[in-house]
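Residue-level listing of the chains:
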Amino acid sequence: MSEPSLLEQAAQSRTAFDSVPIIDLTNATSPDPALRRQLAAEIRDACINVGFFYVRNHDIPDACFADVLAAMKSFYGLPIEKKMELENKKQVNFMGYSPLLSGNNDPSNSGDLQEGFEFGYEALENSTASELGNTIIGGGKNVWPTDGLPQFRESALKYYHAALSVGRRMFPLFALALGLEENFFEDKTRNSAALMRLLYYPPQTAAIDENKVMGIGAHTDWECFTILWQEPKHQALQVLNSEKQWISAPPIEGTLVINLGDQFARWTNDIFKSTVHRAINRNGVDRYAIPLFFGTDYDVRLEPIPGCVSAERPAKYEVITAGDYVQSRLQATYGH
Ligand SMILES: O=C(O)CCC(=O)C(=O)O
Ligand SMILES: [Fe+2]
């Protein structure tokens, strides 16, 4: 029997999931195309039904996570005046530090209870920050803390490059999952439109109205997909299923979370799900998390992929470029 088409599979999707699937990436670069296709079929299932999955055997060593976590703890422990020297609003490209409550992902909330530090592609070996691979607003460079935190830039960039390599392994698998040539995204992702945010969530106490302030309010991500590292042990991330139930996505040892964003929803006419999620840190202790957002190059038009549109499923989105889309979301969320 031949495989069901994307549209057939989408028509039978099971979006009332009660957990997030775990996928083993061992065969991502297998020389055997049948094994790569098998893995892509698992990914396709997760993308159609959930929009979120964990990956294990991603090949990032534990020490890499430990180093970036230590760097985050020392940065967020600095006095607020020190951190504000790197405030993102002072940079042309909005890289750098964002203080508590400066962003608001859910317009019905009053702000996100998180601090962030954002940066984009930069070669590790450069002693001074190079031009970023792909920024929407004004180009420019990363900013880094200097005095007192000599390891920060190196630890952050080492993890960035490790996660970037996981992301580059994912694009051919997503292409296969969509029934496309494995290299479909190659000429659309030349400029590493990948932004990383180092996130710190203070413990949230009962006094804060749960419906008005979240660590990060309910939202979808804007790019193709996100690779998320969560600090072990602290449950905070929740994913919304089609029954409007919040499903916990706790950190699972040895895994990263991958979730799809709006660019993939647009490419696929919502066959791949850009699923709503939020995080709230009620653990009584600090929590750290690191998303890396992977988009296409900003001049790429988000046109529905063949096989995702039919008479019963007409195109839902107007075609715009990835850059225009991300820009409009940035403006709405952070006022940039
Ligand atoms: O902190 C988390 O677990 C989620 C972060 C997130 O969803 C985001 O930054 O887009
Ligand atoms: Fe997110």
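Residues numbered from 1 in each chain as written. Chains lettered and ligands numbered in written order. Predicted model: local features only at pLDDT ≥ 70, side-chain atom pairs only at ≥ 80, totals over all residues. Heavy atoms only, no water.

Under the annotation held in an unreviewed UniProt entry, the chain carries the name Fe2OG dioxygenase domain-containing protein and is attributed to Schizophyllum amplum. The Sequence similarities (unreviewed entry) comment attached to the chain in UniProt states, word for word, "Belongs to the iron/ascorbate-dependent oxidoreductase family." (UniProt positions renumbered as here; feature names shortened; annotations may be inferred.)

Chemist: In this structure, what is going on with the sheet that holds strand 10 (residues 237-240)? I would like to understand it.
Modeler: Two pairing modes exist for strands in a sheet, parallel and antiparallel, and in both the strands are linked by backbone hydrogen bonds. Ordered by their spatial adjacency, 4 strands build an open sheet running 8-13-10-11, and the pairing between neighbours is antiparallel. Only two strands of the sheet have a single neighbouring strand rather than two, namely strand 8 (216-219) and strand 11 (246-248). The mean inter-strand angle of the sheet, taken between neighbouring strand axes irrespective of direction, is 25°. Pairing of strand 10 with strand 13 (residues 277-279) involves 3 bridges; the strand directions are antiparallel. Along strand 13, the bridge assignment pairs Leu237 with Ala279. (Pairing = 2+ DSSP bridges. Helix = DSSP H or I, 4+ residues; strand = E, 2+ residues; numbered from the N terminus. Axes fitted to C-alpha atoms, helices over the stretch in contact; angles between N-to-C directions.)

Chemist: Any chance you could explain the layout of surface pockets here in plain terms?
Modeler: The gaps of empty space that remain are located by a probe, the size of a water molecule, rolled over the atoms. Roughly 410 Å³ of volume is contained in the largest pocket. For the largest pocket, the lining is made up of 19 residues, of which Phe65, Trp229, Pro232, Glu253 and Gly254 are closest to its centre. Of all the elements in the fold, those that place two or more residues in the lining of the largest pocket are helix 3 (62-76), strand 9 (225-230) and strand 12 (255-260). Broken down by element, the lining of the largest pocket gets its largest block of residues, 4 residues, from helix 3. Residue composition of the lining of the largest pocket, by class: 12 nonpolar, 4 polar and 3 charged. Taken as a whole, the second largest pocket encloses approximately 260 Å³ of empty space. Lining of the second largest pocket is provided by 14 residues; of these, Arg168, Phe171, Phe185, Glu186 and Thr189 occupy positions nearest its centre. (1 Å grid on protein atoms, 1.4 Å probe; cavity = no way out; pocket = protein on both sides within 12 Å on 5 of 7 lines; lining within 4 Å. Points joined across faces, edges and corners; volume = space filled by probe spheres on them. Nonpolar A, V, L, I, M, F, W, Y, C, P; charged D, E, K, R; others polar.)

Chemist: Any chance you could explain the state of the cysteines here in plain terms?
Modeler: What is meant by a disulfide is a covalent connection between two cysteines, made through their sulfur atoms. For the structure shown, the criterion picks out 0 disulfides. Cys224 provides the cysteine sulfur closest to Cys47, a residue in no disulfide bond, and the two sulfurs are 11 Å apart. (Disulfide = S-S within 2.5 Å.)

Chemist: I would appreciate a short explanation of the coordination of the iron ion (ligand 2) in the present structure.
Modeler: Put simply, the ideal angle at a metal is 109.5 degrees for four donors in tetrahedral geometry and 90 or 180 degrees for six donors in octahedral geometry. The protein atoms that coordinate the iron ion (ligand 2) are His219 (NE2), Asp221 (OD) and His277 (NE2), at distances spanning 2.1 to 2.2 Å. Expressed as a motif, the donor residue spacing for the iron ion (ligand 2) is H-x1-D-x55-H. Judged by relative accessible area, Asp221 falls into the buried class, the value being 6%. (Donors = N, O, S within 2.8 Å, 3.2 Å for Na, K, Ca; no water. Buried < 20%, exposed > 50% of the residue type's maximum accessible area, 1.4 Å probe, protein only.)

Chemist: Teacher, can you tell me more about unusual backbone geometry here?
Modeler: Excluding glycine, residues mostly have negative phi values, and the peptide bonds linking residues are mostly trans. Of note, the phi angle at Lys233 is positive, near 85°, even though the residue is not glycine. Relative to the helices and strands, Lys233 resides in the loop between strand 9 and strand 10. Unlike most non-glycine residues, Asp270 shows phi in positive territory, near 70°. Residue position: Asp270 is located in the loop between helix 6 (262-267) and strand 13.

Chemist: I'm lost on the site of ligand 1 in this one. Help?
Modeler: Neighbouring ligand 1 are 13 residues; Tyr201, His219, Asp221, His277 and Arg287 lie closest to it. Here an oxygen atom of ligand 1 sits 3.0 Å away from a polar atom, N or O, in the side chain of His219. Starting from 300 Å² of accessible surface for ligand 1 in isolation, the protein chains cover 97%. Among the secondary structure elements, those contributing two or more residues to the shell around ligand 1 are strand 6 (194-201), strand 8, strand 13 and strand 14 (287-294). If you tally residues by element for the shell around ligand 1, the top one is strand 14, at 4 residues. Tallied by class, residues from the shell around ligand 1 come to 9 nonpolar, 2 polar and 2 charged. (Near = heavy atom within 4 Å. Polar contact = N/O pair within 3.5 Å; in protein donor to acceptor, adjacent residues only side chain to side chain. Areas by Shrake-Rupley, 256 points an atom, 1.4 Å probe, with all protein chains shown as cover.)

Chemist: Would you mind going over the nonpolar core with me for this structure?
Modeler: For soluble globular proteins, nonpolar side chains are generally found buried alongside one another. Ranked by internal contacts, the top residues of the largest apolar core, which has 80 residues, are Tyr159, Phe174, Leu198, Phe225 and Phe272. When residues of this core are assigned to their parent elements, the largest contribution, 16 residues, is made by helix 5 (residues 152-177). If we skip the residues at most four places from it in the chain, Phe174 touches Ile43, Cys47, Phe53, Phe185, Phe225, Ile258, Leu260, Phe264 and Phe272. Listed in part, the 17 residues of the second largest apolar core include Phe17, Leu228, Val239 and Val257. (Core = buried A, V, L, I, M, F, W, Y, C linked by side-chain atoms within 4.5 Å. Contact = heavy atoms within 4.5 Å.)

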